[in-house]
Amino acid sequence: MEDYQFESKAIRAQMERTPYGEHSAPIFPTSGFVFDSAEHARDLFAGEIDGNIYSRYSNPNTDEFIQKMCLLEKMEAGFPTATGMAAMFGSIAAFVSSGDHIVASRSVFGSTHQIFTQLLPRWGVTTTYVDINDPESWEAAIQPNTKMFFGETPSNPGLDIMNLKHMGELCKANGVLMNIDNCFATSYLQTPKDFGADIVTHSATKFIDGQGRVLGGAILTSEELIEKVMFLCRHTGPALSPFHAWILSKSLETLHVRMERHCESAFALAEYLNQHPKVGWVKYPFLENHPMQVIAKEQMKYGGGLVTFELKSGADEVFTMLNKLKMLKISANLGDTRTIVTHPASTTHSKLSPEERASVGITDGLVRVSVGLENIQDIIKDVEQAIG
Ligand SMILES: *Cc1c(COP(=O)(O)O)cnc(C)c1O
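Our subject in this report is the structure included herewith. Since the structure is predicted, the reported quantities are computational estimates derived from the model, not experimental observations. (Residues numbered from 1 in each chain as written. Predicted model: local features only at pLDDT ≥ 70, side-chain atom pairs only at ≥ 80, totals over all residues. Heavy atoms only, no water.)

### Overview of the packing of aromatic side chains
Thinking step 1. Evaluated as defined, the whole model comprises eight aromatic pairs.
Thinking step 2. Arranged with centres 5.0 Å apart and planes meeting at 55°, the rings of Phe6 and Tyr188 form a pair that is tilted. Of this pair, Phe6 sits in helix H1 (residues 6–12) while Tyr188 is found in helix H8 (residues 186–189), placing the two residues 182 residues apart along the sequence. Assigned by exposure class, Phe6 and Tyr188 land together as buried.
Thinking step 3. Taking the centre distance of 5.6 Å and the plane angle of 65° together, the rings of Trp138 and Phe149 count as edge-to-face. Here Trp138 is found in helix H6 (residues 136–141), whereas its partner Phe149 is found in strand E4 (residues 146–152), with 11 residues between them in sequence.
Thinking step 4. When its relative accessible area of 1% is taken as the criterion, Phe149 is described as buried. (Phe/Tyr/Trp six-rings, centres within 6.5 Å; stacked < 30°, edge-to-face > 60°. Helix = DSSP H or I, 4+ residues; strand = E, 2+ residues; numbered from the N terminus. Buried < 20%, exposed > 50% of the residue type's maximum accessible area, 1.4 Å probe, protein only.)

### Remarks on the nonpolar core
Thinking step 1. Judged by nonpolar contacts, the single largest core of 80 residues is most densely connected at Phe65, Phe149, Leu269, Leu273, Phe309 and Met321.
Thinking step 2. When residues in this core are grouped by element, the largest group, eight residues, is from helix H11 (residues 255–274).
Thinking step 3. Taken together, domain 1 (6–252) and domain 2 (255–387) each give at least three residues to this core, which thus spans both.
Thinking step 4. Residue contacts for Leu273: discarding those within four places in its chain leaves Val279, Val282, Val307, Phe309, Val383 and Ile387.
Thinking step 5. By size, the runner-up hydrophobic cluster in this structure holds 27 residues, among which are Ala93, Met148, Ile199 and Leu232. (Core = buried A, V, L, I, M, F, W, Y, C linked by side-chain atoms within 4.5 Å. Domains from an automatic or database assignment. Contact = heavy atoms within 4.5 Å.)

Right, dumping it as structure tokens:
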């Protein structure tokens, strides 16, 4: 399997088939498993042999999904979670104790921000935010008790790009764990392991499912570090359901085809908006005017499926424009076959203070578009009539 290219791995990595000889994976919705004998049960519980015990620990469907994720992300081991946030929290909580310190990019997902600023301080873990666009500042933030560097690239919703190579070197030199939320790029566009990531986290809810159906997540790491993740997750219970794992594993089979179209259409929309007289600015990682375009092209295969922009009239007409959309829907999800338009300042990032929003570039007029798989001319036409 290791010799195959991404597409073949995504399709051909699979669990063993049952005696029925099914071509597609079966589903195993069972909470527990039967042991061959009392000795078998004893040996499984002692960790002396591999096998399924209980679906909070493992299940054939969640195993297939996580093994495929590991293969695609070039990571050794992983734990599948019920949501992306369970993966974010688990990947952090597994490695920090009271008195530890984290350096994180200020541009992180809204709920991840709540973990850093509201939850972890209750257990004595502090976080210093750094500017994703100012790699020089990262080194200065490292303290003797720094355990982890957490980053998200491209970031949500700013579409800022973190220089993964620089971050990897910094983490290695300082003995700090590098944890990357790879949700926006997916392993098809970028594999943080190439730059030294110790932990890669995912919200599988987004492009991995890709069809707006289920929630899921993944924590991917090394054989050595997985012990701590397993301990935390097996005992605190963020397990992914077998049915959702089955859906997500199937979804991975088409990830590469979907991502290519998402990226192609997002680029086309970005170029359209970029020349529109009523648009103030457009941000897209592969667009000429993106401040980190060179880095983005070095570490990503394509520019991703999201575009952000603001009208010249700023926040004044943003609701009017959103309400005029016909085919495109206003929603908070992303990475769906359906194009989704979001106003982060009033929804996903409304819990941040105006100062916090300003510091990560979320203006009151910023619109985030998750470009779907509909015909791109229809998408542009709808945006065009809404801008008016
Ligand atoms: C959505 C998202 C998450 C959280 O994932 P859920 O599956 O909704 O829990 C984390 N990080 C990023 C970048 C996201 O977009």
